[in-house]
Amino acid sequence: MEFDTWFNKQDRLVKIILLIIPFVGWVVEILVRLSALLRKTSTTNILGFVLFLVLGGFWIPTLIDLIYFIVKDQFLLLE
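In this report, we go over the structure that sits alongside the text. Here the residue index of a chain counts from 1 through its sequence in written order. Only residues with pLDDT of at least 70 get local features here, since the model is predicted, and only at 80 or more are side-chain atom pairs given and counted; chain-wide, interface and lining totals rely on the full set of residues. Side-chain measures here rest on the full set of heavy atoms in the structure, leaving out hydrogens and waters.

**Things to note about the overall build of the protein chain**
Stage number 1. Counting its regular elements, the protein chain contains five helices and zero strands.
Stage number 2. Only DSSP runs of H or I reaching four residues or more are called helices, and only runs of E reaching two or more are called strands; each is numbered from the N terminus. Secondary structure elements in the protein chain, listed N-terminal to C-terminal, are α-α-α-α-α.
Stage number 3. Compactness check: the protein chain gives a C-alpha radius of gyration of 11 Å against a globular reference of 12 Å for 79 residues, within 12% of the reference.
Stage number 4. Expressed as lengths along the three principal axes of its C-alpha atoms, the size of the protein chain is roughly 30 × 25 × 20 Å.
Stage number 5. Classification of residues uses two cut-offs on accessible area relative to the type maximum, computed with a 1.4 Å probe and protein chains only: under 20% is buried, over 50% is exposed, and between them is partly exposed. Buried positions account for 35% of the 79 residues belonging to the protein chain.
Stage number 6. Whether two residues are in contact is decided by their heavy atoms, any of which lying within 4.5 Å being enough. Long-range contacts, defined as pairs at least 24 residues apart, comprise 62% of the intrachain contacts of the protein chain with a sequence gap of at least 6.
Stage number 7. In short, Shrake-Rupley with a 1.4 Å probe defines the accessible areas, and a residue's cover is counted only from the protein chains shown. Carbon and sulfur atoms make up 73% of the accessible area of the protein chain, which amounts to about 4900 Å² in all. Both definitions apply: the radius of gyration is a C-alpha atom measure, and the globule rule equals 2.2 Å times residues to the power 0.38.

Written as structure tokens, this is what we have:
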């Protein structure tokens, strides 16, 4: 599964638009995190995947992650 590499190849504006759409953003984020977790199993990736799988449906963690993504161009708790 190489969804994270596909996502990282996209234009920055496309990435942000995919993350802003309410349900689509959560699904994209989970797929990116799962893909990164399968490629590189680490405590940070496991923690980030579980945290956003459970709490990602709420808007606050997704908004925090979106702001972090806009500033750093990477997801919070993802290696």
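Moving on from the coordinates now.
**Regarding a nonpolar patch on the surface**
Stage number 1. On the surface, I46, V50, L51, L53, V54, L55 and F58 cluster together to form a nonpolar patch covering roughly 600 Å² of accessible area.
Stage number 2. Tracing the backbone shows L51 in helix α4 (residues 43-55). Patch members must show over 30% relative accessible area and no salt bridge, and they are joined within 9 Å when carrying like charges or within 5 Å when they are nonpolar side chains of Val, Leu, Ile, Met, Phe, Trp or Tyr. Think of a salt bridge as a Lys or Arg side-chain nitrogen and an Asp or Glu carboxyl oxygen that are within 4 Å of each other.

**Considerations on unusual backbone geometry**
Peptide bonds are mostly trans, and most non-glycine residues show a negative phi.
Stage number 1. Of note, the phi angle at D73 is positive, near 60°, even though the residue is not glycine.
Stage number 2. Among the structural elements, D73 can be located in the segment after α5 (59-72).
Stage number 3. Phi is positive for L77, close to 60°, though the residue is something other than glycine.

**Focus: the pattern of salt bridges**
Stage number 1. Under the criterion given, the structure shown has six salt bridges.
Stage number 2. Two residues, R33 and E29, come together in a salt bridge whose shortest N-O distance is 3.3 Å. Note that R33 and E29 are positioned in helix α3 (residues 22-39) at a spacing of four residues, about one turn of the helix. Each of the two residues, R33 as well as E29, counts as buried.
Stage number 3. With a closest N to O distance of 3.1 Å, K40 and E79 form a salt bridge. In this pair, K40 sits in the loop between α3 and α4 while E79 sits in the segment after α5, placing the two residues 39 residues apart along the sequence.
Stage number 4. Judged by its relative accessible area of 42%, K40 falls in the partly exposed class.
Stage number 5. Connected through shared salt-bridge partners, R12, K15 and D73 make up one network.

In short, shape yes, function no, at least from these values alone.
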